[in-house]
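Here is what each chain is made of, one letter per residue.
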Amino acid sequence: MIEFPIRIAVVMGKYTTGGIKSVLLNYYTYINKDKVQFDFIIDYDSPITDYSEVTKLGARVYKVAPPENLVKHISDCYRLFRKNSYQIVHGYLNTLNVFSMAAAWMAGVPVRISENLSTGHAGESKTLIKNLLRPFAQLFPTTIAANSVFAAEWIYGKKSAKKSQIFRNALDLTRFKFDESSRHNVRKKLNVDGKFVIGNVGRFQYQKNHNLLIDIFAKFHQLHPESELLLVGYGELKDQIFEKIHQLHLDDAVIDAGSTEDLIPLYNAMDCFILPSFYEGLPVVGIEAQAMSLPCIFSGEVTREVQILSTTKFVELDQPLSDWVGALESIQNVKRIDTQRELRNAGYDIFEEAKRLESFYLSELEAHTN
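Residues numbered from 1 in each chain as written. Predicted model: local features only at pLDDT ≥ 70, side-chain atom pairs only at ≥ 80, totals over all residues. Heavy atoms only, no water.

A.B. asks: Talk me through helix 6 (residues 149-156); I want residue IDs and the actual numbers.
C.D. replies: Residues Ala151, Ala152, Trp154, Ile155 and Tyr156 constitute the buried set of helix 6. Buried residues of helix 6, seen end-on, are gathered within an arc of 165° and therefore sit on one face of the element. Next to the buried residues of helix 6 lie strand 5 (111-116), helix 5 (126-133), strand 6 (143-146), helix 7 (158-161) and strand 7 (165-166). (Buried < 20%, exposed > 50% of the residue type's maximum accessible area, 1.4 Å probe, protein only. Helix = DSSP H or I, 4+ residues; strand = E, 2+ residues; numbered from the N terminus. Arc of directions from axis to C-beta. Contact = heavy atoms within 4.5 Å.)

Structure follows, in structure tokens:
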């Protein structure tokens, strides 16, 4: 007999803003916590140390060594899984899941779920490590999962991906909804009334390709001086990118919104959203932007699964800057409308997806413990 609530050990790595944390918090907030509770297993060097947003919902937070400290990471996970007698471990570290899955296997955890949310790119050094680990992705988990078919095929291969569970980056669509009044107020605060605001949300790191983004904006701004670029994020390359902005004399046309999890007002203020990434699994921000009725432009390296609205466009990374500028010009006059039905029909309603995840946990537990 299953005892409720089931404690799920969720291995999430760094406890930080956006990304995995955003996805997990969405699911955890709306899952039935009388039946399912999360324990967040995080790296001890995580930048955020305030866990109240999850602990107030009943979660426990445990710190382990990061995967970079491999032996300690496996050892910490093993001891924790054994001590708390988890029945389910759900890993969200992409190719690095192999290590926590191995620890869970050694600890005798019956249900071991490995989920992939990303891919890779040949130009990035850490992709070499990802490629070395990919063949072991199915070695220890009892179940494989991903946030898109593209991400599943990248890590598991096309044949194995067919048996992968797909858990979408679902949202509370009652919150992610365009608001004209909020737009007016935020744009006034940002001093961008009458401007065409191009938005981007993402960590300042190789994957997000900010260098190309700045080149695109520089060319667009030259043709359309009444345009602004709104950047949201943090990361190791931020100073470098803002130095480039300075060298191109774009300081007065670029807004640094810093790092924030309160993205809805900023989405309201934008006129379009652009993400020229080198790679993605399925970007959460791409779904959020479309939920806010923003016309979007993604690089061709982003899976077409992200497209929900007809106003969403793709431009290949090797296409000239003029093609990116043309794509921006083509959506300058797009009218913001209610997109809730489209998002719901595409499977991004967190109320429904949280129920599905809950049912999945119960069925996996029954299948592997009877």
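A.B. asks: Describe in detail the environment of glutamine 340, supporting the description with residues and values.
C.D. replies: One can find glutamine 340 in helix 14 (residues 340-345). The class of glutamine 340 is buried, set by a relative accessible area of 9%. Taking the C-alpha atoms as reference, glutamine 340 lies 39 Å from serine 125; in sequence the two are 215 residues apart. Ignoring anything within four residues of it in the chain, the contact list for glutamine 340 reads Leu173, Thr174, Phe176, Lys177 and Ala291.

A.B. asks: Explain the side chain of histidine 210 residue by residue, including any values.
C.D. replies: Here histidine 210 shows up in helix 9 (residues 210-223). Here histidine 210 falls in the buried class, since its relative accessible area comes to 3%. At 3.4 Å, the side chain of histidine 210 and the side chain of asparagine 200 are in polar contact. If we skip the residues at most four places from it in the chain, histidine 210 touches Asn200, Gly202, Arg203, Phe204, Gln205 and Ile241. (Polar contact = N/O pair within 3.5 Å; in protein donor to acceptor, adjacent residues only side chain to side chain.)

A.B. asks: So what's going on with unusual backbone geometry? Residues and values would help.
C.D. replies: Looking along the chain, the bond that leaves phenylalanine 4 and enters proline 5 is cis, with omega of -5°. The topology assignment puts proline 5 in the segment before strand 1 (6-13). The phi angle at serine 85 is positive, at roughly 50°, despite the residue not being glycine. Following the sequence through the fold, serine 85 ends up in the loop between helix 3 (70-84) and strand 4 (88-91). For histidine 249, which is not glycine, the phi dihedral falls at a positive 60°. Take histidine 249: it is sitting in the loop between helix 10 (238-247) and strand 10 (254-256).

A.B. asks: Got a sec to walk through the pairing of strand 11 (residues 272-275)? Specific residues and values, please.
C.D. replies: Neither face of strand 11 is left uncovered, since the one carrying Cys272 and Ile274 and the one carrying Phe273 and Leu275 both have all their residues buried. Where strand 11 lies against strand 12 (residues 296-299), three bridges are found, and the strand directions are parallel. By the bridge assignment for strand 12, leucine 275 is matched with phenylalanine 298. Each parallel crossover has a hand, and for strand 11 linked through helix 12 (residues 284-291) to strand 12 it is right-handed. (Pairing = 2+ DSSP bridges. Right-handed = clockwise from strand over helix to strand, strands pointing away.)

A.B. asks: Break down the sheet that holds strand 4 for me, with residues and values.
C.D. replies: The sheet built from seven strands is open, its strands ordered 3-2-1-4-5-6-7 with parallel pairing. Where the open sheet ends on each side, the last strands, each with one partner, are strand 3 (60-64) and strand 7. Note: strand 5 against strand 6, four bridges, orientation parallel. Following the sheet pairing, serine 114 is matched in strand 6 by isoleucine 144. Where helix 1 (residues 19-30) meets the sheet, its contacts fall on strand 1 and strand 2 (36-43), and the angle it forms with strand 2 comes to roughly 165°. Lying over the sheet, helix 3 contacts strand 1, strand 2, strand 3 and strand 4, oriented at roughly 145° with respect to strand 3. (Axes fitted to C-alpha atoms, helices over the stretch in contact; angles between N-to-C directions.)

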